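Observations on the model geometry
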Amino acid sequence: MAMTIGWLRRHLAGVVALALVVSMFFVSRLPSASADERESMADGYAFSPMAIALPGGAPQQTIRKVNQRYRNIDAWISSVGSGIAMNDIDGDGLANDLCVTDPRTDRVMVTPTPGPGADRYVPFALNPDPLPMNDVMAPMGCAPGDFNEDGRMDLLVYLWGRTPIIYLARAGATTLSMAAFRPYELVPGDTTTYTEPQWNTNAVAIDDFDGDGHLDIFVGNYFPHGPVLDDSINGGVEMNHSMSQAFNGGEDYFFCFAGGTAGAEPTVTFKKVDNVLPRDVSKGWALAAGANDLDGDMLPELYVGNDFGPDRLLHNTSKPGKISFEVVESARGRAWTPKSKRVGMDSFKGMGVDFGDLDRDGLYDMYVSNITTSFGIEESHFAFVNDGKNHEDVRRQFADGKAPFTDKSAPWGLAWSGWGWDVKMADYNNSGELVVTQATGFVKGDVNRWPQLQELATSNDDLLRNPLWWPHLTSGDDIGGSQRLHFFAKGDDGRYVDLAGELGLDIPVPTRGIATGDADGDGRLDFAVARQWDEPVFYHNDSPKPGAFVGLKLTHAPIEGATVGSPVVGAQVRVTTSDGRKFVSRVDGGGGHSGKRSNEVHIGLGPEVTGPVEVWICWRDRTGQMREQTLQLSPGWHSLQLDSQAQER
């Protein structure tokens, strides 16, 4: 006995460590649903992959030409730019139009969703003429929105090498084509030669940030302003100065709506707002951004996902005409909670973000993509669950600088998948439960470069800033090139299971952007996926036995001469069923990585709902005044005009 006690004393630390490892394994192990359980879960979903028609004639490329300083990592530099947005661009009342950015051609293209009605117009590429453009600029994403408030859907295109361009929809156009749009500068400048800063934008978020009743724009830049894609230059660019605390990225900006006009030559004016964020917040390497009201005051918070440093959750403290935010962070919490599992304190690689009520408590949670590859770089994604008791409690904690969120990605089975990018939460079979759809994968090739990347991740920060010390990543090299789309559905035990394989979604091609919308109006959300260096794909929803749903198309009152108003971006919706279940959603203005969902609100209710439900809507009218109204609505799609009151049209 004495020998046993002595042995335990000598090895106590090791025994405790072993016990901790074993316990953590059982707590955080991946979902272990059986094949039969997975098949049973998958029976509720079905999708048909369909090819997306794109205009031809453009030269094809894979690896871009880049600044000579980046030549040995040109595949890394070329690894973004594939984006997709889904919306009602032609005004036919359905989210059956796509705006696609494709790095194989560096073009932005508008095309109908496949299926019935795909012959409504011929797919076409946006042309920035007469605005200055050159071959060292490349589009990174497209965000639809009615930016001049005339009831027509415009397109915001953000790029590397220049400031964003807004393609304003012209009045009088009878069909979609390039002639139906007028290119317009977000940042006015020289109209013949580009002289403005060389922004390198990878994220935008669109919402009414200052609460004045009009759209504002957040622009998140990745590389510091400079000639990233100019292969005639050797220099003038930087790399991150740290893998975990890099604050030398591109500056982030806010733009406030200042006015617009409709007509055949439409215009719009946005005022750039300076010094909204502290330098160490504004100079992160932004890859994702999402906006949503988290504390119930109808001012959207902003989450910015940063590479090489902490993500930022920004509490909105704005007033009409003055945008302002305060950084909020998670408190220390439990002693065993790693720093990187706390909001605003992580050193992970934030590359996608979305909001949804995962635990069905009426408060929004957040899902964030990072890098999570076994034997590669094993961080974790975040399923930040809102711990607030109610909106008032969340608001109080925000005011104290605290972010009341706990990461539950591991126990819920959402922590690991691959090199994550865009993420969208949606109810695809109207069961009342959200599915987490996630894009993953990085660079596809033949030579595995994970070992060299691991070495880089552990190297001295003084070496990182010089691309010379980075491992070669060029044509033929591979990092996560066979990773697939993920489709995490909630099981009966509350854990999520990836059903992508059972549903035929797990194609071994790197994916980037995800867009959702109901293209044919049947109440089942379809989705489209942008794939890096490969064709985008549209998935038509054929789920066999969908439950009931409430769908809302919420618009402002139209301006004089228009037949429809702008989407009421930021409007909040809560649906209460007769048995007391509550569901929340909102009109999303556009955020994430490079995928943008449609502006409609879609809420699945489950198969047991057959009669009317209570629908509470809160919004800001064009004067910025908060309005709210409770309606009794039957399941199905509804079009409501929101002014001083909600009126069905």
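For the structure, check the block above.
Below you will find a few notes about this structure. Keep in mind that what you see is a predicted model, and the values were worked out from it rather than measured.

Conventions adopted
Residues numbered from 1 in each chain as written. Predicted model: local features only at pLDDT ≥ 70, side-chain atom pairs only at ≥ 80, totals over all residues. Heavy atoms only, no water. Helix = DSSP H or I, 4+ residues; strand = E, 2+ residues; numbered from the N terminus. Buried < 20%, exposed > 50% of the residue type's maximum accessible area, 1.4 Å probe, protein only. Contact = heavy atoms within 4.5 Å. Polar contact = N/O pair within 3.5 Å; in protein donor to acceptor, adjacent residues only side chain to side chain. Pairing = 2+ DSSP bridges. Axes fitted to C-alpha atoms, helices over the stretch in contact; angles between N-to-C directions. Salt bridge = Lys/Arg side-chain N within 4 Å of Asp/Glu carboxyl O. Arc of directions from axis to C-beta.

1. Looking at the environment of Lys490
Checked against the element boundaries, Lys490 lands in strand β26 (residues 486–490). Residue Lys490 is classed as partly exposed on the basis of its relative accessible area, which comes to 26%. Other than its neighbours up to four places away in sequence, Lys490 contacts Met41, Leu358, Glu433, Arg495 and Tyr496. Within polar-contact distance, the side chain of Lys490 engages the backbone oxygen of Leu358 at 3.0 Å. Of note is the side chain of Lys490, whose polar atom sits 3.2 Å from the side chain of Glu433.

2. Considering unusual backbone geometry
For the bond from Asp129 to Pro130, the omega torsion is 10°, close enough to zero to count as cis. Positionally, Pro130 belongs in the loop between β5 (124–125) and β6 (138–145). Located in the positive-phi region is Trp533, a residue other than glycine, with phi close to 60°. Here Trp533 is to be found in the loop between β29 (526–531) and β30 (537–541). Given the relative accessible area of 17%, Trp533 is considered buried.

3. Details of the sheet that holds β26
Strand order in the open sheet formed by 4 strands is β22-β23-β26-β27, with antiparallel pairing between adjacent strands. The open sheet terminates on both sides in strands that have one partner only, identified here as β22 (420–426) and β27 (496–498). In this sheet, adjacent strand axes meet at a mean angle of 25° when their direction is disregarded. With 5 bridges joining them, β22 and strand β23 (residues 435–440) adopt antiparallel strand pairing. Within β23, the residue paired with Lys424 across the bridge is Thr437.

4. What to know about the pattern of salt bridges
Across all of its chains, the model carries 30 salt bridges by this definition. Among the ionic pairs, Arg162 bridges to Glu185, the shortest N-O distance being 2.7 Å. Remark: Glu185 occurs in strand β9 (residues 181–185) and Arg162 occurs in the loop between β7 (154–160) and β8 (165–169); sequence separation between them is 23 residues. Both residues of the pair, Arg162 and Glu185, belong to the buried class. Residue Lys341 is joined to Asp407 by a salt bridge in which the shortest nitrogen-to-oxygen separation is 2.7 Å. With a gap of 66 residues between them, Lys341 in the loop between β17 (325–328) and β18 (352–356) and Asp407 in strand β21 (residues 405–407) connect regions that are remote in the sequence. Residue classification places Asp407 among the buried residues on the basis of a relative accessible area of 13%. Within this structure, Asp90, Asp92, Asp97 and Arg120 form a network of salt bridges that share partners.

5. As for the sheet that holds strand β2 (residues 83–87)
Reading across from one edge, β5-β4-β3-β2-β34 is the order of the 5 strands in this open sheet, with mixed pairing throughout. Each having just a single partner strand, β5 and β34 (595–596) make up the two edges of the open sheet. In this structure, β2 lies alongside β34, joined through 2 bridges in parallel fashion. Bridge pairing links Ile84 to Gly595 in β34.

6. Brief notes about helix α7 (residues 450–457)
Among the residues making up α7, those that are buried are Trp450, Leu453 and Leu456. Looking down the long axis of α7, one finds its buried residues gathered within 115° of arc, a one-sided arrangement. At its buried positions, α7 is contacted by α4 (74–77), β24 (447–448), α8 (461–464) and β25 (477–478).

7. Quick word on the pairing of β26
In terms of burial, β26 is largely enclosed, as 4 of its 5 residues are buried. Pairing of β23 with β26 involves 3 bridges; the strand directions are antiparallel. Pairing of Val436 across the sheet is with Phe488, part of β26. Sheet topology note: the β26/β27 ladder contains 3 bridges and is antiparallel. Residue Phe488 lies in a different strand from β27, and its bridge partner there is Asp498. Linkage of β26 to β27, two consecutive antiparallel strands, is achieved through a turn of 5 residues, within which Gly494 is found at a positive phi near 90°.

In short, the description is geometric, and any link to function would need to be established separately.
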